[in-house]
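Below are the chains, spelled out letter by letter.
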Amino acid sequence: GMKRQIGRIPEAWRPAAVFIVSFVLIALVQWFAVWDDTRLIDGHLWVPAIEKAMGGEFPVPGDLLYGYPGTTVLFPAAAFEHAFGMGTSIALRAVMTLLPAIAGAFVAMLAYILRPRTLWWVFAAWLYAFQAQFNLATPPSGLLVAFLPLLILLVLYAVERKPSVPVLSLVGAFGGVMLATR
């Protein structure tokens, strides 16, 4: 059961795993409570784009969304809609709450790892958990705002610690995710 799964997490990682899961759940509940679809810029364009993406059709020159790569919005939202049968508007809402929540959890964790004797990680966690401003922009821009501090902290981690191939690979991969977003 569940106890057996938790037993597989290395002892040193258990507090981090509990923190990440707890943070994501708190942020999700809060953001779903304050979500307002009418404030999402270009939200009316993304719902049909998600429906098209589910059919394998992606923005082409001439489409209003062609200037946005937006794959980190289109693919996850289409996958959510397909896997859970939720409407595309709810799938867009899920992506725009889940991805910033996950990014926020990792920002707070990296802030703590980098400066464990200060409380700035608490403020970073607070800002992510209770500032649901990511839906006041176009979906790719909102995600990029959520992702950028994580990339900055990953680079800071690589600079302050001995750079390693896994950390530098993560920086490169996350930079690619950001390029695919906006």
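As shown above, the structure is provided for reference.
A brief look at the structure comes next.

Cut-off values and rules
Residues numbered from 1 in each chain as written. Predicted model: local features only at pLDDT ≥ 70, side-chain atom pairs only at ≥ 80, totals over all residues. Heavy atoms only, no water. Helix = DSSP H or I, 4+ residues; strand = E, 2+ residues; numbered from the N terminus. Expected span 1.5 Å × (residues − 1). Buried < 20%, exposed > 50% of the residue type's maximum accessible area, 1.4 Å probe, protein only. Arc of directions from axis to C-beta. Contact = heavy atoms within 4.5 Å. Core = buried A, V, L, I, M, F, W, Y, C linked by side-chain atoms within 4.5 Å. Axes fitted to C-alpha atoms, helices over the stretch in contact; angles between N-to-C directions. Parallel < 35°, antiparallel > 145°, perpendicular 65-115°, else oblique. Nonpolar A, V, L, I, M, F, W, Y, C, P; charged D, E, K, R; others polar.

1. Some points on helix 3 (residues 43–54)
Between its first and last C-alpha, helix 3 extends 17 Å over 12 residues, near the 16 Å set by a 1.5 Å rise per residue. For helix 3, the complete set of buried residues consists of Gly43, Trp46, Val47, Ala49, Ile50 and Ala53. Axial view of helix 3: buried residues confined to an arc of 165 degrees, hence all on one face. In this structure, the buried side of helix 3 is in contact with helix 4 (71–84), helix 5 (88–114) and helix 7 (139–160). Two residues or fewer past helix 3, Gly56 is found with a positive phi of approximately 85 degrees.

2. Regarding helix 4
Taking 1.5 Å per residue, 14 residues should reach 20 Å; helix 4 reaches 19 Å between its end C-alpha atoms and fits that length. Among all positions in helix 4, only Thr72, Val73, Leu74, Ala77, Ala78 and Glu81 are buried. Its buried side turned inward, helix 4 meets helix 3, helix 5, helix 7 and helix 8 (165–181). Among the residues trailing helix 4, Gly85 stands out with phi positive, at a value near 70 degrees.

3. Quick word on the nonpolar core
Phe23, Leu92, Tyr128 and Phe174 are the most contacted members of the largest nonpolar core, which totals 45 residues. Contributions of two or more residues to this core are made by helix 2 (14–34), helix 3, helix 4, helix 5, helix 6 (120–130), helix 7 and helix 8. With 14 residues, the top contributor of residues to this core is helix 5.

4. Let's talk about the packing of helix 3 against helix 4
Contact geometry of helix 3 with helix 4 gives a least axis separation of 9 Å together with a crossing angle of 70 degrees. The angle between helix 3 and helix 4 places the two elements in the roughly perpendicular class. Seen from helix 3, the contacting residues are Trp46, Ala49, Ile50, Ala53 and Met54; seen from helix 4, they are Val73, Leu74, Ala77, Ala78, Glu81 and His82. Here the contact of helix 3 with helix 4 is built from residues that sort into nine nonpolar, one polar and one charged.

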